[in-house]
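What follows is each chain in one-letter form.
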Amino acid sequence: MTAQRPMQIGELAERTGLSIRTLRHYDEIGLLRPSARSDGGFRLYTPDDESRLLLIRRMKPLGYSLEQMGDLLAVVGGLDADPRDTALAARLADIRDEAVTRRDDLRRKLDAADEFVAQLEAR
């Protein structure tokens, strides 16, 4: 695939490890709309769409709701449009701090799970 050729939904699903059903749902709720549609009505995605989807996928393990994901993507999109927007930059800093807290909590849970597995293996 060349970097500029749009991808159909199946190719994007395969490249990102998400299901076609998930991608359709994200389109329906406005979380990830395809950049275009083919003459036959097929969803067409760009590399930018793929990047957005990968950002969404990275939020999932941290427990973000779909609404929170949409809010974050709106902040990121706003900063892409106007990098000097101080209100959005401050909001992004808050989101980053929250993500660090969520990540640290996930690490603590993983450490506890590792200890549990080690105890089971020792028996």
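Given the structure is predicted, the values throughout are model-derived calculations rather than measurements. (Residues numbered from 1 in each chain as written. Predicted model: local features only at pLDDT ≥ 70, side-chain atom pairs only at ≥ 80, totals over all residues. Heavy atoms only, no water.)

## Considerations on the nonpolar core
Here comes step 1: Residues Leu 12, Leu 23, Leu 32, Leu 53, Ile 56 and Met 59 are the most contacted members of the largest nonpolar core, which totals 20 residues.
Here comes step 2: Where this core is concerned, the elements lending two or more residues are helix H1 (9-16), helix H2 (20-29), helix H3 (47-59) and helix H4 (66-81).
Here comes step 3: Here this core takes five residues from H4, the largest share from any one element.
Here comes step 4: Once residues lying within four places of it in the same chain are set aside, the contact partners of Met 59 are Tyr 64, Met 69, Leu 72 and Leu 73. (Core = buried A, V, L, I, M, F, W, Y, C linked by side-chain atoms within 4.5 Å. Buried < 20%, exposed > 50% of the residue type's maximum accessible area, 1.4 Å probe, protein only. Helix = DSSP H or I, 4+ residues; strand = E, 2+ residues; numbered from the N terminus. Contact = heavy atoms within 4.5 Å.)

## A few points about H3
Here comes step 1: Over its 13 residues, H3 extends 19 Å from the first C-alpha to the last, a length consistent with the 18 Å expected when each residue adds 1.5 Å.
Here comes step 2: Of all the positions in H3, only Asp 49, Glu 50, Leu 53, Leu 54, Ile 56 and Met 59 are classed as buried. (Expected span 1.5 Å × (residues − 1).)

## A word on a nonpolar patch on the surface
Here comes step 1: Together, Phe 116, Val 117 and Leu 120 make up an exposed nonpolar region whose accessible area comes to about 280 Å².
Here comes step 2: Of note, Phe 116 is situated in helix H5 (residues 86-122).
Here comes step 3: Taking the relative accessible area as the measure of exposure, Phe 116 reaches 48% and is therefore partly exposed. (Patch = residues over 30% accessible without salt bridge, like charges linked within 9 Å, V, L, I, M, F, W, Y side chains within 5 Å. Areas by Shrake-Rupley, 256 points an atom, 1.4 Å probe, with all protein chains shown as cover. Salt bridge = Lys/Arg side-chain N within 4 Å of Asp/Glu carboxyl O.)

## Re the pattern of salt bridges
Here comes step 1: For the coordinates displayed, the defined rule picks out 10 salt bridges.
Here comes step 2: Note that Asp 27 is salt-bridged to Arg 33, the shortest N-O span being 3.1 Å.
Here comes step 3: For Arg 102, the salt bridge goes to Glu 98, with nearest N and O atoms at 2.7 Å. Within this pair, Arg 102 and its partner Glu 98 are both found in helix H5, separated by four residues, close to a single helical turn.

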